[in-house]
Amino acid sequence: MGGDKWLAALALLLIMEGLMPFLSPGAWRQFFAKLLAMSDGQLRFLGLASLVCGGVLLMLL
């Protein structure tokens, strides 16, 4: 994977990360308030689920 593809992937990540606070800042704040209330184990599970889903999607591509 060349450097251009890595930069394109980073750009898409930043676009996706910026959509929610731009479109609905109130819902974004509520979402992060719920994340802050979660235990470490719950956050780790969400992180693991995200890693697995991303890895599977990457393998399919």
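Residues numbered from 1 in each chain as written. Predicted model: local features only at pLDDT ≥ 70, side-chain atom pairs only at ≥ 80, totals over all residues. Heavy atoms only, no water.

1. Notes on the overall build of the chain
If you tally the helices and strands in the chain, you get three helices and zero strands. Helices and strands in the chain line up, N terminus first, as α-α-α. Relative to the globule expectation of 10 Å for 61 residues, the C-alpha radius of gyration of the chain, 15 Å, shows a markedly less compact shape. Its C-alpha atoms give the chain principal-axis dimensions of roughly 40 × 30 × 15 Å. Split into buried and exposed, the 61 residues of the chain put 0% on the buried side. For the chain, the computed accessible surface area is about 5600 Å², with 75% contributed by carbon and sulfur atoms. (Helix = DSSP H or I, 4+ residues; strand = E, 2+ residues; numbered from the N terminus. Rg over C-alpha atoms; globule rule 2.2 N^0.38 Å. Buried < 20%, exposed > 50% of the residue type's maximum accessible area, 1.4 Å probe, protein only. Areas by Shrake-Rupley, 256 points an atom, 1.4 Å probe, with all protein chains shown as cover.)

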